[in-house]
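Per-entry structural report
Here are the chains, one letter per residue:
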Amino acid sequence: MVEAGQGPLAGLKVVEFTHMVMGPAAGVILADLGAEVTRVEPREGDHTRHLPGSGAGYFAMYNRNKRSVFLDLKSEDGLDEARALCAQADVLIENFRPGALDRLGLSYDRLSQANPGLIYYSAKGFLPGPYESRTALDEVAQMMGGLAYMTGPPGRPLRAGASVIDVTGGMFGVIGVLAALEERRRTGRGQLVRSSLFETTAFLVGQHMAQKAVTGQAANPMPARLSAWSIYDVFTTADGQGVFIGVVTDALWLKFCDLFDLGVLGGQERLRRNADRVAARDDILPVVREAVGGFTAAELLARLEGSGLPFAPIGKPEDLFDDPHLKASGGLTTVTLPDGRAVDLPSLPLEMAGRRFNAPAATPAPPESA
């Protein structure tokens with residue numbers, strides 16, 4: 001376990017002008033890796049602290065290992081304090097609407113005059129182009145970029161079940177920041193780094209664009225797709241649970257048939273190759289569903305364990321609090337919330353030289369306690 005502030009980015013000073021998910025997600029990655037991250041919040045505190053419903057976890061998840069200062073950026077005193085922070089910073093992160101910080105005199109051009117080594121990371125909805133002035137959210141990018149189309153059944157676009165574009169967009173921003181820091185090491189100069197929601201979505205659906213380019217056929221939504229494998233499905237067990245099983249090689253097909261006494265399928269020469277099994281899915285799946293459906297979930301998982309076959313029970317987010325692998329491998333970090341409660345939340349999904357970045361952390365205190 002690497003203690004807070006002692007990771008590979010120890011000594012790096014980061015200033016955040018952020019809210020919601022994309023900017024804070026980039027900041028928490030840098031913070032967990034040891035950077036000293038200071039959030040600039042309004043005098044009354046970031047409104048993300050008090051979001052209801054599906055937004056209630058944003059602040060807790062993406063703001064640990066940071067400290068906050070509370071400034072009125074509409075006042076000269078507040079702006080002076082913000083400029084002083086930026087003058088000492090290695091990295092600035094912002095994800096407000098285009099032009100918001102520019103109008104306050106906190107643009108890259110202005111700040112880099114006083115701090116030429118500053119890496120100024122701007123997380124936006126779109127990179128420069130015809131759409132760049134539009135307001136975007138994770139959901140907007142998923143809808144525009146084809147991810148919602150691919151996730152839902154035909155005619156029913158469906159956003160992914162987490163803020164995947166916000167978080168991935170922030171990750172690409174971190175990649176850019178780290179590359180800019182390496183370039184600064186050689187040149188002594190900082191630079192403006194941008195990442196965006198829309199272009200991140202395009203990158204993630206690139207495999208489907210490539211499918212169209214390679215085959216000439218547009219990709220169908222995932223629920224209606226032609227699978228690349230004959231067995232790549234969720235199966236219902238005898239006690240009504242769902243278990244995913246994938247058979248992704250010819251060797252695993254033979255192992256699968258042996259494991260479930262499916263010699264009637266495994267012995268057929270016409271099913272030895274994956275492409276032939278995909279063509280025969282309508283014949284294969286009813287037989288497999290009947291065989292697998294004779295086991296309870298516990299029995300099925302026990303049989304699959306150690307087989308080399310990809311499999312997974314259908315979990316819920318709340319199940320991960322007690323997941324034995326996460327608990328044993330350092331995959332959870334104890335985070336103290338502003339109200340004093342301690343909760344376990346996912347650590348960075350990263351190991352370096354055997355180290356996990358999961359030291360106990362806290363979220364910044366609200367303004368009344370600061």
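Look up a bit, the structure's there.
The paragraphs below set out a description of the structure included in this document. Owing to the predicted nature of the structure, the values given are computational and were not obtained by experimental measurement.

Reading guide: rules and limits
Counting starts from 1 at the beginning of each chain's written sequence and moves along it residue by residue. With the structure being a predicted model, the display of local features is reserved for residues of pLDDT at least 70 and the display and counting of side-chain atom pairs for 80 or more, all residues being used for whole-chain, interface and lining totals. Side-chain measures here rest on the full set of heavy atoms in the structure, leaving out hydrogens and waters. Salt-bridge detection follows one rule: a side-chain nitrogen of Lys or Arg within 4 Å of a carboxyl oxygen of Asp or Glu. What counts as a helix is a DSSP run of H or I of at least four residues, what counts as a strand is a run of E of at least two, and both are numbered from the N terminus. Note on classification: 1.4 Å probe, protein chains only; a residue is buried when its accessible area is under 20% of the maximum for its type, exposed when over 50%, partly exposed between these limits. Whether two residues touch is decided by their heavy atoms; if any such pair falls within 4.5 Å, the residues are in contact. Any two strands with at least two DSSP-identified bridges between them are counted as paired. Orientation is described by axes fitted as lines to C-alpha atoms, over the contacting stretch for helices, and by angles from 0 to 180 degrees between their N-to-C directions. Here the angle decides the label: under 35 degrees means roughly parallel, over 145 means roughly antiparallel, 65 to 115 means roughly perpendicular, and every other value means oblique. Residue polarity is assigned by list, with Asp, Glu, Lys and Arg as charged and Ala, Val, Leu, Ile, Met, Phe, Trp, Tyr, Cys and Pro as nonpolar; anything else, Gly included, falls into the polar class. Throughout, nonpolar core names a set of buried Ala, Val, Leu, Ile, Met, Phe, Trp, Tyr and Cys residues whose side chains join them through atoms within 4.5 Å.

Our focus in this paragraph is the pattern of salt bridges. Should their charged atoms come close, side chains of opposite charge can pair. Under the definition given, this model contains 18 salt bridges. In this structure, the salt-bridge partner of Asp32 is Arg64, at a minimum N-O distance of 2.7 Å. Placement of the pair is Asp32 in helix α1 (residues 22-32) and Arg64 in the loop between α2 (58-62) and β3 (66-70), with a sequence separation of 32 residues. On the accessibility criterion, Asp32 (7% relative accessible area) is buried. A relative accessible area of 2% means that Arg64 is categorised as buried. Two residues, Glu94 and Lys124, come together in a salt bridge whose shortest N-O distance is 2.4 Å. Here the residue Glu94 occupies a position in strand β4 (residues 91-94), and Lys124 occupies one in strand β5 (residues 119-124), the gap between them amounting to 30 residues. Here Glu94 and Lys124 have matching classes, each one buried. Where salt bridges share partners, they join Glu16, Arg39, Glu41, Asp46, Arg49 and Lys66 into one cluster.

Within the secondary structure, Val234 sits in strand β7 (residues 231-236). With a relative accessible area of 45%, Val234 lands in the partly exposed category. Each C-alpha atom of the pair Val234 and Pro153 lies 16 Å from the other, and the pair is 81 residues apart in sequence. Every residue in contact with Val234, bar those within four places of it in the chain, is listed here: Gly242, Val243, Phe244, Arg289 and Ile314.

What follows deals with the sheet that holds strand β14 (residues 361-362). Taken together, the three strands give an open sheet; going across it, the order is β11-β10-β14, and neighbouring strands pair in mixed fashion. Sheet topology places β11 (342-346) and β14 at the edges, where each strand pairs with a single neighbour. Here strand β10 (residues 332-336) runs beside β11; their pairing, made up of five bridges, is antiparallel. Its bridge partner being in β11, Leu332 is matched across the sheet by Pro346.

The next point concerns the packing of helix α9 (residues 197-204) against helix α10 (residues 206-215). Interaxial distance between α9 and α10 falls to 4 Å at its minimum, and their mutual angle equals 50°. With respect to each other, α9 and α10 are oriented oblique. For the pair formed by α9 and α10, the contact residues are Ala202, Phe203 and Leu204 on the first element and Gly206, Gln207 and Met209 on the second. Looking at the contact of α9 with α10, its residues break down into four nonpolar, two polar and no charged.

A few words on the side chain of Thr168. Locating Thr168 in the fold gives a position in helix α8 (residues 164-187). By relative accessible area, Thr168 is classed as buried at 18%. If we skip the residues at most four places from it in the chain, Thr168 touches Thr200 and Leu204.

As a further point, take the nonpolar core. Judged by nonpolar contacts, the single largest core of 36 residues is most densely connected at Val14, Val91 and Tyr121. Every element with two or more residues in this core is listed here: α1, α2, β4, β5 and α8. Here this core takes seven residues from α1, the largest share from any one element. Counting residues in each nonpolar core, the second largest holds 23 residues, with Ala280, Val288, Ala291 and Leu304 among its members.

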